[in-house]
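# Topology and contacts: notes
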Amino acid sequence: HCGAVRYEIRASFDTALSCNCSICRKRGVLWTYISPADFDLLSGKDALVDYQFNQRLIHHVFCRICGVGSFSTGRGEDGSEGIGINIRCLEDVDVESLPVTFYDGRSL
């Protein structure tokens, strides 16, 4: 939003994931997941603040200036590192055209 945090990703979007856990639902996030090799943080590392809850497995980072949480980091169920990208924060992506897969994070 404010431009302090900028990154590039290498990914294509076939679908978006909507999680119903307490934080994702309230933030209205639509996710796609990529490997760390497909993510480059260009600027704003010092502007990022980390928030963790529940089992503290996911780092929900957000910009300390504007409050937008455009990505998160953590480990998948298989133990591999990954980055969740909030598709709503990407420029030039038609979010409404993506089919949405629902994930029951509330039951975890």
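As the structure is a computational prediction, the values presented were derived from the model and not from experiment.

## Examining the side chain of Asn86
With respect to the secondary-structure elements, Asn86 resides in strand β8 (residues 81-86). From its side chain, Asn86 meets the backbone oxygen of Gly69 in a polar contact 3.4 Å long. When sequence neighbours within four positions are dropped, the list of residues in contact with Asn86 reads Val29, Leu30, Trp31, Gly69 and Ser70.

## Some thoughts on the confidence of the model for the protein chain
Per-residue confidence for the protein chain gives a mean pLDDT of 92; residues scoring 70 or more make up 100%. Within the protein chain, the element-level pLDDT minimum falls on helix α1 (residues 22-27), averaging 91, and the maximum on strand β4 (residues 39-43), averaging 97.

## So, the environment of Ala37
With respect to the element layout, Ala37 can be found in the loop between β3 (31-34) and β4. Using a relative accessible area of 60% as the deciding quantity, one classes Ala37 as exposed. In this structure, the C-alpha to C-alpha distance between Ala37 and Gly82, residues 45 residues apart in sequence, is 9.2 Å.

## Observations regarding the packing of aromatic side chains
All told, the structure shown has 5 aromatic pairs when counted by the stated rule. Consider the rings of Tyr7 and Phe39, whose centres lie 5.1 Å apart with planes at 35°: the pair is tilted. Separated by 32 residues along the polypeptide, Tyr7 in strand β1 (residues 6-9) and Phe39 in strand β4 bring together distant segments of the chain. Of the two residues, Tyr7 and Phe39, neither departs from the other in class, the shared state being buried. Aromatic pair Trp31 and Tyr33: ring centres 6.2 Å apart, planes at 25°, arrangement stacked. Under the relative-accessibility criterion, Trp31 is labelled buried at 3%.

## Things to note about the pairing of strand β5 (residues 48-51)
Note that β5 and strand β6 (residues 58-63) share 4 bridges and pair antiparallel. Paired with Asp50 across the strands is Val61, a residue of β6. Hairpin remark: β5 followed by β6, antiparallel, with 6 residues in the connecting loop; positive phi at Asn54, about 55°.

## Some details on the pattern of salt bridges
Applying the stated rule across the entire model yields 2 salt bridges. We note a salt bridge from Asp40 to Arg10, for which the minimum N-O separation is 2.8 Å. One end of the pair, Asp40, is in strand β4; the other, Arg10, is in the loop between β1 and β2 (16-19), and 30 residues separate them in sequence. Given a relative accessible area of 32%, Asp40 falls into the partly exposed group. Residue classification places Arg10 among the partly exposed positions, given a relative accessible area of 39%. In this structure, Glu81 and Arg75 form a salt bridge, with 3.5 Å as the shortest nitrogen-oxygen distance.

The rules we used
- Residues numbered from 1 in each chain as written.
- Predicted model: local features only at pLDDT ≥ 70, side-chain atom pairs only at ≥ 80, totals over all residues.
- Heavy atoms only, no water.
- Helix = DSSP H or I, 4+ residues; strand = E, 2+ residues; numbered from the N terminus.
- Polar contact = N/O pair within 3.5 Å; in protein donor to acceptor, adjacent residues only side chain to side chain.
- Contact = heavy atoms within 4.5 Å.
- pLDDT = per-residue confidence, 0-100.
- Buried < 20%, exposed > 50% of the residue type's maximum accessible area, 1.4 Å probe, protein only.
- Phe/Tyr/Trp six-rings, centres within 6.5 Å; stacked < 30°, edge-to-face > 60°.
- Pairing = 2+ DSSP bridges.
- Salt bridge = Lys/Arg side-chain N within 4 Å of Asp/Glu carboxyl O.

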